[in-house]
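One letter stands for each residue in the lines below.
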4 protein chains.
Amino acid sequence: MKIDKQHIEERNQQSLDDHLESFDYIANRLTKNGIEVENVVQKLADFQVAIPSWALGAGGTRFGRFGFQGEPGTLEQKIDDVGAIHALTQTAGAISLHIPWDVPKDYTAIKELAQSHQISFDAVNSNTFQDQKNTTKSYKFGSLSNIDEAIREQAVEHNNEVIKIGNKLGSKSLTVWLADGASFPGQTNFQSALKQTQKSLQEIYASLPEDWKLFIEYKPYEPNFYSTVIQDWGTSFMLANECGEKAYTLVDLGHHLPNTNIEQIVSTLMMKGKLGGFHFNDSKYGDDDLTVGSVKPYALFLIFNALVYGMENNPQNPYPAWMIDASHNIKDPLEDIIQSLEAIQEAYAKALLVDQKALNEAQQNHDVVKCQEILQDAHRTDVRPLLQKARLQNGGALHPLKTYRSLGIRKQLVAERGANSVATGL
Amino acid sequence: MKIDKQHIEERNQQSLDDHLESFDYIANRLTKNGIEVENVVQKLADFQVAIPSWALGAGGTRFGRFGFQGEPGTLEQKIDDVGAIHALTQTAGAISLHIPWDVPKDYTAIKELAQSHQISFDAVNSNTFQDQKNTTKSYKFGSLSNIDEAIREQAVEHNNEVIKIGNKLGSKSLTVWLADGASFPGQTNFQSALKQTQKSLQEIYASLPEDWKLFIEYKPYEPNFYSTVIQDWGTSFMLANECGEKAYTLVDLGHHLPNTNIEQIVSTLMMKGKLGGFHFNDSKYGDDDLTVGSVKPYALFLIFNALVYGMENNPQNPYPAWMIDASHNIKDPLEDIIQSLEAIQEAYAKALLVDQKALNEAQQNHDVVKCQEILQDAHRTDVRPLLQKARLQNGGALHPLKTYRSLGIRKQLVAERGANSVATGL
Amino acid sequence: MKIDKQHIEERNQQSLDDHLESFDYIANRLTKNGIEVENVVQKLADFQVAIPSWALGAGGTRFGRFGFQGEPGTLEQKIDDVGAIHALTQTAGAISLHIPWDVPKDYTAIKELAQSHQISFDAVNSNTFQDQKNTTKSYKFGSLSNIDEAIREQAVEHNNEVIKIGNKLGSKSLTVWLADGASFPGQTNFQSALKQTQKSLQEIYASLPEDWKLFIEYKPYEPNFYSTVIQDWGTSFMLANECGEKAYTLVDLGHHLPNTNIEQIVSTLMMKGKLGGFHFNDSKYGDDDLTVGSVKPYALFLIFNALVYGMENNPQNPYPAWMIDASHNIKDPLEDIIQSLEAIQEAYAKALLVDQKALNEAQQNHDVVKCQEILQDAHRTDVRPLLQKARLQNGGALHPLKTYRSLGIRKQLVAERGANSVATGL
Amino acid sequence: MKIDKQHIEERNQQSLDDHLESFDYIANRLTKNGIEVENVVQKLADFQVAIPSWALGAGGTRFGRFGFQGEPGTLEQKIDDVGAIHALTQTAGAISLHIPWDVPKDYTAIKELAQSHQISFDAVNSNTFQDQKNTTKSYKFGSLSNIDEAIREQAVEHNNEVIKIGNKLGSKSLTVWLADGASFPGQTNFQSALKQTQKSLQEIYASLPEDWKLFIEYKPYEPNFYSTVIQDWGTSFMLANECGEKAYTLVDLGHHLPNTNIEQIVSTLMMKGKLGGFHFNDSKYGDDDLTVGSVKPYALFLIFNALVYGMENNPQNPYPAWMIDASHNIKDPLEDIIQSLEAIQEAYAKALLVDQKALNEAQQNHDVVKCQEILQDAHRTDVRPLLQKARLQNGGALHPLKTYRSLGIRKQLVAERGANSVATGL
């Protein structure tokens, strides 16, 4: 399945006048306010977010899963799905593979397929939170942190294997989400678990190719309900420091306790040059993995404000790896991702509109009211025409979701794959 | 202190062209989408929010208070402050008095003053969470819920007194925020405390004039840190039912446990005809009492979406009393309120833009993606020109905050009242 | 599999002296303080908690499940498991079935089997949160609350079927946990969903046999992550009132927002005569479904304090149905339940030791320090000898967990059922 | 005011038999289980907790304060109060002063007075969260983090002054609680604020005497409601590392987001040798500053379990400074502190009873059930006789609270100081 560029152009043609009118209006106003609109549009056009291979089928909860028709049954089909999203949005130019769910059989063919969609291979992800059929030792009581050396070795070995696979595909980073922890007080010794984790990570780090990065994720709870070994950014940051220069913290928006100020964490990490990657999603209660921007779009904007500041002022921090990490329990996964990408671009665009000079001045003067006005002015601006312009420039759809529906993509996928195909993944 | 209408008009003149351009643009687009723009603007123009008399001076925390210059030292000055806000925003046409902080000496003069500002008297508020100089019995261990009958009587009597004061001013409702509760397990008997509260409220209810309403607030914690007698909407709703038809629940945005779905509570109460009043503020952690819309503007929009639906579909529910209830710890209180009013009107305007018919249809079809698109489409629209139009129509300022600053109102207030005046209140 | 009483007695014999010494010590001290020890022990002996049929195998999270050997593969084996727990603890004299996971084939045989274990059939539970193989309509977007009438009918019909099955077994109540809600703002109309739910519940209520009760559970989130139709006790209480006298609220300890004061909810419900049932578990973050008492034993004690008060002072409230509702992800499910039962009995025993008269007096005197001392005195008492005595009296094990291990029950189960049997359930 | 030792002994005599009986019982049982009881008692006797000078009068909330009679009006009286608590409990052998509330006039006299009560001077505390009468620059918008250099200098200078005062009294550490932060998004630049804070702390650190320590507190929110500069342990730890070897993190139990696993933080810090001090209190919602152990005693036990482990296994970590930091809004402050000290000792005693060897073994075997049993066995033990023994050994009261009441201490204080004396502090 591949979307014909011409079909997109035809749809664009229908709403082009409307787009031009709205773009002219907003571009004029922003220009009057000193914004370099072309520059903003170019940044939006350049911003690319990786799609995780495990999020193209229906997700579920511990209470069950409602399937979705036309799910991709193979890695090839997953890449096709990302290709379709990218063709429409021009924002999804990468895929992030999860091992062992997505081990390629024919590397050359897979790379060619991806290239045909203009898709590159972002961070590879290891999995030591589930037992695999071919493993002999169980991760039930932990993997990299396990008190049992043989289990730790198996987990380290798996990560090394993932690096090798990623290397063949052109990936340049490994993301470790360590689910290890305890569900009951006393179950583990915090200090031993942390020490073992550090040692395991250092071993993985030692296997990292020269030009690779190691991303260390953190999360306070779930699937363990008393403690997680890498419970917060402080622990991840400490471990990254103990590993070395190529190790970084990865922030997942849903991996925080209630009311955490995430933008402050982002700022601290970038100041320290240690923000490696970012997982987008949204949530109201816990790690709900909802569509990005569907619940707290202003919080997302504030986070992007911190990211934009960091990208402009922190040369010590590498350009972060961006990825969506959501679970699509009740929506068409592709539509869900399209909505997420729109919300990400919206937040990014608004953050780019923040008048940093005026903000700095107001902060100097302790003019709190003015500081708020500056942020709100950016956030209240309707930036959709800018996003459209960026997509148009790259050959994407003015209205990705409408075009997706109008082109009947899901129907095609069901026709091709059948109603009962099931994607590997959670 | 009274703002000269002509001064406002002069300032408006300077940005009138800009306003007209932006209004035309948005009005055109909305009209194309089937929105009756005049109707929306009229609703915004009609929407009035009461200002609490205690929020015109600097607030503080238990760790101290940083004063603000030019605070109103008398009730007259407080009314002047609300008058200034109303002159600029045309949204603050009422004041809500707190007794005993704001007992008028000369009722006729006070009413005339308010009238000269086009300010009416909204709900009156009683205070049984602090001991007053003229009272003999302490509320340290509770007031309406106290196990000691004499204390309960004093508290009921105070509420009756508040009703009398309000009645002389033209108020039509009493708001009871009952801080009673316990800071330690075992301190009170939950059942007794609830029974006593019910009895006390029923006694106050019996003193209510025929055309009055009783608003019963709820709050999970603070100033008591183990339990509050009226801890949630369920308890308030139960008590309102036990009192009678004129008793209602009052929702304060900050009075909820983390992650509470407030818009659902609003919907349930309106369906049951029991949403009496609403206190606006914003918060990230607890009852932070921040500027409305400064932290979670999308949540505010969702709440307004529920309110708009209820106002249009629930004739069984009276028109709710709207009030700001915030604490201005570091901002000029008048600027803070102006920002709050703007945020309220913004959320209301966006809620009015929601295409209810299309939403209903999408809900019928379980088209979750579409439902989200409809809400987001409304929320992403820049509605500021509509707000400006509504203010202009009523004789207010296109840009209330800028005008406030450009007119040097705070400077005038300091000149009149001095730097060290202190407002009664928290 | 059935535990031989004599084996239990043999084990008891080994630690009987130790038990007698400790029992004498604590009984003497309590007696001196005016406690009627025999009375307390009898209450403990009488206290019976139902075991859910779905919690006898390993549970899991959305990230996977680690199996457990010797899981019960049939309803008969599940009853055997509960029988084993009951033989040891003498506290688990009932089973609570989940339909369609546990539909009996031969009712007479099943009832006889249960009777042979001295197990009765507690509340039956319906399931409309998952699609079943034999159903034609999906609950993906809701069941009792669904906007689609045909789906609601199917869900009501399923509940009626569950009542019939329960009736044949001697159950006297139906528990409805309604997972319905929304994962995204706008997905459903709150008012419609609530109205439809009320209507559906009333239809189920109408099918209830005369001597049955309907228990309506509430939960703020999960598996829906934006809203749940019956989100809190207030909504459940309202619905129970709309249904009628036989409808009650059911409290599950894990179904609350962070920091909720559950004991206050319990007190309010019992005062109103509407606490129907109780699901025990423990949690640190959300609905973690951990072993009872493993995280917050003092909170459990405070809840039992409210329950004991209600049972003694609220004749308007029926005797509540007690059930464990936990998920056993990493422990042997039977050991987990034995630990839960011990924790429940401990909390109950300590609540029974609270000097209610002195507490009431201290409350009257606002002696907050004394109130706390009274609760803490009860809680600091080591009540294990009382629990042992109650079990001994009923023919159970002095040390259920040790006896379970010493008798090698799990080994027997694996031998009988094999290592790979899988229990129906989540 | 000074309690006569003989009066305490007289009261002890009355309940000595009871104590001996209970001590013998528990000592016997523990000895059988391999516990060295004398060793445990000695550790309890040695454990001393500092009392903050600001917590001897009534505290309050932003909604007001209910005074308490007989509050200490001078530093001398505050020391007398701590002396009384120490005489009874033998656990409060230190006072922690807050500057500028408690600047001594006559150092020699103050030191002699403290010595006469066997009270030493623990960490001194600076205050840059309030403006003082003699300061010219306001901390309204921050102190050590302020963007204004002159304000930072004033704040650093104040801290240096506090060190000098402490040095004259024999204190060996400075605790910095930095309330700085922002109440609104955009108000401050996170990176600048953090950099300025680091610089300021380094300047204070440079003024530290050779044998002193610097304790850096963290807190997520309040009095700022959007962000706090030192929001979590990770930030404090980072800053301590940037300062040097004598800088440490200080943990206050109330300074965490909901559901934080504090014992894990404690473990990590001790492993890294960076846990400097500890502030005890309890809370249900936020920084409620309630009596220690009144809400979550099991969590306190788990924290002590981590502390005991660290004290025994982490020579790299200095012996931590212990302090109570609570607010006494409705209890007699001295009674409140006595209850807190009892709860601390209880948790410590129970943690000392944990069979570390068996726990380690169970952890090695992944015997989660057993791990829980070991912790619960310790926690379920009634350790009050051990605490009594430790106090008796040191010359304190068997029952401090009862003795306090029976000796009529508060009555004496009111007689000496009057009903309306007010303590300096919050």
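Residues numbered from 1 in each chain as written. Chains lettered and ligands numbered in written order. Predicted model: local features only at pLDDT ≥ 70, side-chain atom pairs only at ≥ 80, totals over all residues. Heavy atoms only, no water.

**Student:** Would you explain the overall build of chain A in this entry?
**Tutor:** Counting its regular elements, chain A contains 15 helices and 13 strands. The C-alpha atoms of chain A give 22 Å as radius of gyration, which agrees with the globular expectation for 426 residues (22 Å, within 12%). When the backbone C-alpha atoms are referred to their principal axes, chain A occupies close to 65 × 60 × 40 Å. In chain A, 80% of the contacts between residues at least 6 apart in sequence involve partners at least 24 apart. Summed over its atoms, the accessible surface of chain A is roughly 14100 Å², and 47% of this surface lies on carbon and sulfur atoms. Once the 40 positive and 53 negative side-chain charges of chain A are each reduced to a mean point, those two points are 2 Å apart. (Helix = DSSP H or I, 4+ residues; strand = E, 2+ residues; numbered from the N terminus. Rg over C-alpha atoms; globule rule 2.2 N^0.38 Å. Contact = heavy atoms within 4.5 Å. Areas by Shrake-Rupley, 256 points an atom, 1.4 Å probe, with all protein chains shown as cover. Lys, Arg positive; Asp, Glu negative; His and termini not counted. Charge placed at Lys NZ, Arg CZ, Asp CG, Glu CD.)

**Student:** Looking at this model, I keep getting lost on the relation of the copies chain D and chain A. Mind explaining?
**Tutor:** Turning one copy of the chain about an axis and sliding it along that axis gives the other copy, so a rotation and a shift relate them. Aligned on chain A, chain D shows an RMSD of 0.0 Å; the corresponding rotation is 180 degrees and the shift along the axis is 0.0 Å. Here the two chains are linked by the operation of a two-fold rotation axis. Using C-alpha coordinates, one finds that chain D approaches the rotation axis most closely at D:Gly234, a distance of 2.1 Å. A share of 100% of the interface residues of chain D reappears at the interface of chain A, consistent with the copies meeting face to face through the same patch. (Least-squares fit on C-alpha atoms with pLDDT ≥ 70 in both.)

**Student:** How should I be thinking about the interface of chain D and chain A in this particular structure?
**Tutor:** How big an interface is tends to be reported as the loss of accessible area on association of its parts. Taken together, the contact pairs 52 residues of chain D with 52 residues of chain A. Summed over both sides, the interface between chain D and chain A buries roughly 4700 Å², with carbon and sulfur atoms accounting for 60% of that surface. On the chain D side of the contact with chain A, D:Gln191, D:Gln264 and D:His366 bury the most area, a combined 14% of that side's loss. Connecting chain D to chain A are two salt bridges. With its nearest N and O atoms 2.6 Å apart, the salt bridge here joins A:Glu242 to D:Lys272. One can count 24 residue pairs in polar contact (both at pLDDT 80 or more) joining chain D with chain A. Going through the elements one at a time, helix H6 (190-206), strand S8 (227-228), helix H7 (233-243), helix H8 (262-271), helix H9 (297-313), helix H11 (356-364) and helix H12 (368-380) of chain D are the ones with two or more residues in the side of chain D that touches chain A. By residue number, the principal contributor to the side of chain D that touches chain A is H8(D), which donates seven residues. For the side of chain D that touches chain A, the residue count by class is 23 nonpolar, 24 polar and five charged. (Buried area = accessible area lost by both parts, 1.4 Å probe. Salt bridge = Lys/Arg side-chain N within 4 Å of Asp/Glu carboxyl O. Polar contact = N/O pair within 3.5 Å; in protein donor to acceptor, adjacent residues only side chain to side chain. Nonpolar A, V, L, I, M, F, W, Y, C, P; charged D, E, K, R; others polar.)

**Student:** Looking at this model, I keep getting lost on the interface of chain B and chain D. Mind explaining?
**Tutor:** Taken residue by residue, the interface counts 43 residues in chain B and 42 residues in chain D. Of the roughly 3800 Å² buried between chain B and chain D, counting both surfaces, carbon and sulfur atoms make up 67%. Considering only the surface of chain B that becomes buried against chain D, B:Arg62, B:Phe63 and B:Ile330 emerge as the three largest contributors, covering 23% of it. Where chain B touches chain D, the interface holds six salt bridges. The salt bridge partner of B:Arg62 is D:Asp289, with a shortest N-O separation of 2.9 Å.

**Student:** Teacher, can you tell me more about the relation of the copies chain B and chain D here?
**Tutor:** Take chain B, turn it by 180 degrees, move it 0.0 Å along the axis, and it overlays chain D with an RMSD of 0.0 Å. Residue by residue, 98% of the interface of chain B is reproduced at the interface of chain D, so both copies engage with the same surface.

**Student:** Hey, could you run me through the environment of C:His379 in this one?
**Tutor:** With respect to the element layout, C:His379 can be found in helix H12 (residues 368-380). The spacing of C:His379 and C:Ala347 is 32 residues in sequence and 8.1 Å in space, taken between C-alpha atoms. The contacts of C:His379, once residues within four sequence positions are left out, are C:Pro297, C:Tyr298, C:Phe301, C:Lys350 and D:His379.

**Student:** So what exactly am I meant to see when it comes to the packing of aromatic side chains here?
**Tutor:** A ring pair, where both rings are aromatic, is described by two values, the distance of the centres and the angle of the planes. A complete count under the given rule lists 74 aromatic pairs over all chains for this structure. Measuring from ring centre to ring centre gives 4.1 Å for A:Tyr221 and C:Tyr285, while their planes differ by 5 degrees; the resulting arrangement is stacked. Pair noted here: A:Tyr221 is in the loop between strand S9 (213-217) and strand S10 (227-228) and C:Tyr285 is in the loop between strand S10 (275-280) and helix H9 (297-313), and the two residues belong to different chains. Its relative accessible area of 6% is what places C:Tyr285 among the buried residues. Here the aromatic cluster, defined as three or more aromatic residues joined through ring pairs, consists of A:Phe47, A:Phe278, A:Phe280, A:Phe304, A:Tyr319, A:Trp322 and A:Tyr348. Sitting over the ring of A:Tyr248, A:Lys274 keeps its end group 5.2 Å from the ring centre. (Phe/Tyr/Trp six-rings, centres within 6.5 Å; stacked < 30°, edge-to-face > 60°. Buried < 20%, exposed > 50% of the residue type's maximum accessible area, 1.4 Å probe, protein only. Lys NZ or Arg CZ within 6 Å of the ring centre and 35° of its normal.)

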